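# Architecture at a glance
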Amino acid sequence: MQNRIQLAIAAATIAALISVPAQADVPPPAISVTGEATISAPPDLAQIEAGVTTDAKNARDAFEANNTAMGKVLAALKSAGIAEKDYQTSQLSLQPQFTNQNRSGSNVLSGYRATNRVTVKLRDISKMAGVIDAVTAAGANDIGSINFMVSNASKLLDDARAEAIVDARRKAEIYAKAAGVSLGGPISIAEHGSAVPVMYRRAAAPMAAEAAIAPGEETLRVTVGVSWEIKEAP
């Protein structure tokens, strides 16, 4: 009896599905445009790399000399007012060095090279030249590149997103007017690419004391694609 009931329900379901005409999922007419917005802001943060590279005949001498020199560099950072949380070791290595002195082409061990580098965050970019001078005077002979950053980039990007939507609607209204239709609400919104929360620009680090540094401005850009529903003109 139970099997008959189940068969009857299945037959009724199939009959109901057959009786309902298939309807295609037709999307509403729309205008699709791209909106863009850019915001420029002066950087208020910077990041530099400073380190010491030392060479010696044996590994112990290279490591000890490097450790002593790096201690002076870290002391110079502290004296320059850099908080300990704002610098950390980014590279520490001890590598054998070889020279090719034999005719057979085999390498000959000539010594060891020790490298110790720290990454330093500067919350006041006006101190950059002074910090570079201080660590160089303390013995740093490996100054890396400089990154300029905008600390409130997320807030600036949100402002750019709002402006990009306004720009997209402006373009869509132009198309709608030219086509003799009116603009409805947005159907879809998609951000193109990736809006980076922290924008930075890399510049070559000055090696000479009291070198001039020009941070310039950072440009934050947002691009969005928006589809707007089309309605008949009133």
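Every value quoted in this text rests on a predicted model; they were computed, and no experiment measured them.

### With respect to the pattern of salt bridges
This structure, assessed with the given rule, holds 11 salt bridges. Residue Asp 55 pairs with Arg 113 through a salt bridge whose shortest N-O separation is 2.8 Å. In this pair, Asp 55 sits in strand E2 (residues 45–56) while Arg 113 sits in strand E4 (residues 108–122), placing the two residues 58 residues apart along the sequence. Between Asp 158 and Arg 161 there is a salt bridge whose closest N-O contact spans 2.8 Å. With Asp 158 and Arg 161 both in helix H4 (residues 153–179), this residue pair falls 3 residues apart, about one helical turn. Three or more residues joined by partner-sharing salt bridges are found here, namely Glu 49, Arg 117 and Asp 142.

### Things to note about the sheet that holds strand E1 (residues 30–41)
Strand order in the open sheet formed by 3 strands is E1-E8-E6, and the pairing between neighbours is antiparallel. Of all strands in the sheet, those with a lone pairing partner are E1 and strand E6 (181–192), marking the two edges. Put simply, the sheet's adjacent strands are angled 30 degrees from each other on average, direction ignored. As defined by bridge partners, E1 adjoins strand E8 (residues 218–232) across 12 bridges and the pair is classed as antiparallel. In the strand pairing of E8, Gly 35 is matched with Val 224. Along the sheet face, H4 touches E1, E6 and E8 and points at about 145 degrees away from the line of E1.

### A word on the side chain of Ser 227
Position of Ser 227 among the secondary structure elements: in strand E8. The exposure class assigned to Ser 227 is buried, which follows from its relative accessible area of 15%. Not counting the four nearest positions on each side in its chain, Ser 227 is found in contact with Ile 31, Ser 32, Gly 185, Pro 186, Ile 187 and Ser 188.

### So, the pairing of E2
Here E2 pairs with strand E5 (residues 142–149) via 6 bridges, running antiparallel. Residue Ala 46 lies in a different strand from E5, and its bridge partner there is Phe 148. Summarising the sheet, E2 and E4 pair through 11 bridges and their orientation is antiparallel. What sits directly across from Ala 46, in E4, is Leu 122.

### Thoughts on a nonpolar patch on the surface
Together, Phe 63, Leu 92 and Leu 94 make up an exposed nonpolar region whose accessible area comes to about 300 Å². With respect to the secondary-structure elements, Leu 92 resides in strand E3 (residues 87–99).

### Digging into the packing of helix H2 (residues 59–79) against helix H3 (residues 128–138)
Between H2 and H3, whose axes approach to 8 Å, the crossing angle comes to 155 degrees. The angle between H2 and H3 places the two elements in the roughly antiparallel class. The handedness of the crossing between H2 and H3 comes out as right-handed. Contacts from Ala 69, Lys 72, Val 73, Ala 76 and Leu 77 of H2 reach H3 at Val 131, Ala 134, Val 135 and Ala 138. Here the contact of H2 with H3 is composed, by residue class, of 8 nonpolar, no polar and 1 charged.

### Looking at the confidence of the model for the chain
Any segment with low pLDDT has predicted coordinates that should not be analysed in fine detail. Summing up the model confidence of the chain, the mean pLDDT is 82 and the portion of residues at 70 or higher is 78%. Averaged pLDDT values over the elements of the chain bottom out at 45 in helix H1 (residues 2–19) and peak at 95 in H2. Between residues 197–209, whose pLDDT stays under 50, and residues either more than four places distant or in other chains, the model counts 43 contacts.

Rules of the game
Residues numbered from 1 in each chain as written. Predicted model: local features only at pLDDT ≥ 70, side-chain atom pairs only at ≥ 80, totals over all residues. Heavy atoms only, no water. Salt bridge = Lys/Arg side-chain N within 4 Å of Asp/Glu carboxyl O. Helix = DSSP H or I, 4+ residues; strand = E, 2+ residues; numbered from the N terminus. Pairing = 2+ DSSP bridges. Axes fitted to C-alpha atoms, helices over the stretch in contact; angles between N-to-C directions. Contact = heavy atoms within 4.5 Å. Buried < 20%, exposed > 50% of the residue type's maximum accessible area, 1.4 Å probe, protein only. Patch = residues over 30% accessible without salt bridge, like charges linked within 9 Å, V, L, I, M, F, W, Y side chains within 5 Å. Areas by Shrake-Rupley, 256 points an atom, 1.4 Å probe, with all protein chains shown as cover. Parallel < 35°, antiparallel > 145°, perpendicular 65-115°, else oblique. Left-handed = near helix turned anticlockwise from the far one by under 90°. Nonpolar A, V, L, I, M, F, W, Y, C, P; charged D, E, K, R; others polar. pLDDT = per-residue confidence, 0-100.

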